[in-house]
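For reference, the chains in residue letters:
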Amino acid sequence: MTVATTSFLIFAASQVGTPGPANMVLLGTGARYGFRAALPFVAGVIMGKQLIIWPVGFGLLQLADQAPMVFTVLKYASAAYICWLAWKIANLRLSRTDTTGEVPGFWAGLIVHPLNPKAWAMIIAGFTGFVAAGTSSFNATFTIALCLLLCQVVLHPIWTFAGDRIAHVVEGRPVEKYLMWTLASLTVASVLFVLFGGGTHS
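Below you will find a few notes about this structure. Because the structure is predicted, anything quoted here is derived from the model rather than measured.

This part takes up helix α1 (residues 5-17). Compared with an ideal rise of 1.5 Å per residue, which puts 13 residues at 18 Å, α1 spans 17 Å between its outermost C-alpha atoms and is within 8% of the ideal. Considering only its buried residues, α1 is in contact with α2 (21-33), α7 (117-130) and α8 (137-170).

On to the side chain of Asp164. Take Asp164: it is sitting in helix α8. Owing to a relative accessible area of 5%, Asp164 belongs among the buried residues under this scheme. A polar contact of 2.6 Å, which involves the side chain of Asp164, links it to the side chain of Arg165.

Turning next to the packing of α1 against α8. Contact geometry for α1 and α8: axes closest at 9 Å, N-to-C directions at 35°. The chirality of how α1 crosses α8 is right-handed. When α1 is examined against α8, the residues Thr5, Phe8, Leu9, Ala12, Ala13, Val16 and Gly17 are found in contact with a partner set consisting of Thr143, Ile144, Cys147, Leu148, Cys151, Gln152, Leu155, His156 and Trp159. Considering only residue class, the contact of α1 with α8 consists of 11 nonpolar, 5 polar and no charged.

In this section: the packing of α2 against α8. Relative orientation of the contacting elements α2 and α8 amounts to 40°, with a least axis distance of 6 Å. On the basis of their axis angle, the class for α2 and α8 is oblique. Every pair of crossing elements has a handedness; the one defined by α2 and α8 is right-handed. Counting all contacts with α2, which are made through Asn23, Met24, Leu26, Leu27, Gly30 and Ala31, the residues of α8 involved are His156, Trp159, Thr160, Ala162, Gly163, Asp164, Ile166 and Ala167. Taken together, the residues that form the contact of α2 with α8 break down as 8 nonpolar, 5 polar and 1 charged.

Procedures and definitions
- Sequence order as written defines the numbering, with residues in each chain counted from 1.
- pLDDT decides what is reported in this predicted model: residues at 70 or higher carry local features, side-chain atom pairs at 80 or more are listed and counted, and totals for whole chains, interfaces and linings draw on all residues regardless.
- Side-chain measures were taken over the full set of non-hydrogen atoms in the model, leaving aside hydrogen atoms and water.
- Each helix is a run of DSSP H or I of at least 4 residues and each strand a run of E of at least 2, with the numbering of both proceeding from the N terminus.
- Under the convention used throughout, the expected extent of a helix is 1.5 Å for every residue step, that is, one less than its residue count.
- Any two residues having at least one pair of non-hydrogen atoms within 4.5 Å are treated as being in contact.
- Each residue is placed in one exposure class: buried if its accessible area under a 1.4 Å probe, protein chains only, is under 20% of its type's maximum, exposed if it is over 50%, and partly exposed if it falls in between.
- We call two N or O atoms a polar contact when they sit within 3.5 Å, provided that within protein one can donate a hydrogen and the other can accept it, with sequence-adjacent residues counted only if both atoms are side-chain atoms.
- Lines fitted to C-alpha atoms define the axes, with helix axes restricted to the stretch in contact, and inter-axis angles between N-to-C directions lie between 0 and 180 degrees.
- A crossing counts as left-handed when the near helix is turned anticlockwise from the far one by less than a right angle, and as right-handed when that turn is clockwise.
- Throughout, the ten residues Ala, Val, Leu, Ile, Met, Phe, Trp, Tyr, Cys and Pro are labelled nonpolar, Asp, Glu, Lys and Arg are labelled charged, and all others, Gly among them, are labelled polar.
- Oblique is the label for any angle not covered by the other classes, which are roughly parallel (under 35 degrees), roughly antiparallel (over 145) and roughly perpendicular (65 to 115).

Written as structure tokens, this is what we have:
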């Protein structure tokens, strides 16, 4: 009576490592502020997923069945927040000599995943698809939390570093604004895919 840990790790890596709202925000943050400056934000994003995993593991899905409207409102409010972040990315320019605007820190990163519909879908899929019947809530939640934490610690910094490297290539060039609008568009597209592609709990 356990979690299918190996299978879930593969699933988790494929989800954490592929484009989605959080990774697009990390890419844009790394591009704008640089890898090292963005690390507190990355840490917040990584820890923020734990704020979803543990409540879900200890009964939040049952609450969702009893009060579905609450989760519908949360889902669309989350999407609106991520789209707002995308708008900020679209209007950023990459000059590191521009000191306007604070580097987003740990607390800003902490709320990205709780307001990320892809994160909710991923975690719910983990509990419903990879946990054997009869597994204790603590064992299931601890295993899923640890697997996702490991994947995030490896993969989220890679996205942030990729943004930093991209910025060095395009900074100050005409292509810069098109890159930022592309990142923003991908962020919005990933949100819409999760919302309307059947990937969230309904």
